[in-house]
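Structure at a glance
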Amino acid sequence: MYILVDTRQSVNAGYKASFDREGISSLGLAPDEFANWFQASSRLDREAIQGFLLGDFEDRAKCAGAIRRLSRAPIIALSDVRSLDQTLLLFEAGIDDVLPKPVHVREILARSEAIWRRVNGGAPLAPRDMPPVPTDRLRVFFDGRDPEVDGEALSLPRRERHILECLVRNRGKRMTKTQIYNVVYGVYSNGVEESVIEGHVSKLRKKLATRLGFDPIEAKRFMGYTFVG
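To start, this report covers the structure provided alongside it.

Conventions adopted
Residues numbered from 1 in each chain as written. Predicted model: local features only at pLDDT ≥ 70, side-chain atom pairs only at ≥ 80, totals over all residues. Heavy atoms only, no water. Phe/Tyr/Trp six-rings, centres within 6.5 Å; stacked < 30°, edge-to-face > 60°. Helix = DSSP H or I, 4+ residues; strand = E, 2+ residues; numbered from the N terminus. Lys NZ or Arg CZ within 6 Å of the ring centre and 35° of its normal. 1 Å grid on protein atoms, 1.4 Å probe; cavity = no way out; pocket = protein on both sides within 12 Å on 5 of 7 lines; lining within 4 Å. Points joined across faces, edges and corners; volume = space filled by probe spheres on them. Nonpolar A, V, L, I, M, F, W, Y, C, P; charged D, E, K, R; others polar.

1. Overview of the packing of aromatic side chains
- Applying the stated criterion across every chain, the model contains 7 aromatic pairs.
- On the basis of an interplanar angle of 75° and a centroid distance of 6.1 Å, the ring pair of Phe34 and Phe52 is categorised as edge-to-face. In this pair, Phe34 is assigned in helix α2 (residues 31–40) and Phe52 in strand β3 (residues 51–54), connecting sequence segments 18 residues apart.
- These aromatic residues form a ring-pair network of at least three members: Phe34, Trp37, Phe38 and Phe52.
- Arg145 extends its terminal NZ or CZ atom over the ring of Phe141, reaching a point 4.1 Å from the ring centre.

Shown next as structure tokens:
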């Protein structure tokens, strides 16, 4: 889930629509609304956030500082006007990247994933790479593209692809059904039951097992799922 913060409702709505087209959940808030929500948010809610997207608004640097105290998720600022002084101020405040508008949401996803890798201590990787898996046969791109098995694309519905990305990003860590649901559907999703995750994961595991010859996702009843490669 991505959090969009801007005083202009049209900006939040525009980027939310772009994220929706990529099958990525997002939540758009005005700065005051965001400050109140974020301070009251639970650890589980914050863990579901894959990145923060900050538009041009007053006290943006202060907002970034508040985010960094409670979250390690990437913070990306969008700039309407290029300004070296403003860019340096934003970096000093803890923002990870500054992008001039307009920018495609898939570039935002790719840059966010690159930031995640740096934060998690991984060595810089080429844009088409992912952290290595034991078989070296599966590649996940985190930018809207389908994964590849043995160099050939594995076509997946957007939700299944997003679940795979979530599990691979957290390789070795057990993800509960609730955690996966919050990442994929958003913490305030309505009308979709958490049980839908079980169906998505079951279909994903069958497709991966068919192509790989083994199931790379370990499932434990009542405990969740782990990508073991």
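2. Focus on empty space enclosed by the protein
- In total, this model carries 2 cavities of 30 Å³ or more according to the counting rule given.
- Space inside the largest cavity adds up to approximately 80 Å³.
- Every residue lining the largest cavity is listed: Tyr2, Glu22, Ile24, Gln50, Leu109, Phe142, Asp143, Gly144, Arg161, His162, Glu165 and Arg169.
- The element that contributes the greatest number of residues to the lining of the largest cavity is helix α7 (residues 158–169), accounting for 4 residues.
- Class assignment of the residues belonging to the lining of the largest cavity gives a composition of 4 nonpolar, 3 polar and 5 charged.
- Roughly 50 Å³ of internal volume is contained in the second largest cavity.
- What lines the second largest cavity is simply Leu4, Val5, Asp6, Val11, Asn12, Tyr15, Leu53, Leu54, Gly55 and Leu78.
- Elements with a contribution of two residues or more to the lining of the second largest cavity: β1 (2–5), α1 (9–21) and β3.
- Considering each element in turn, the lining of the second largest cavity owes the most residues, 3 residues, to α1.
- Residue composition of the lining of the second largest cavity, grouped by class: 7 nonpolar, 2 polar and 1 charged.

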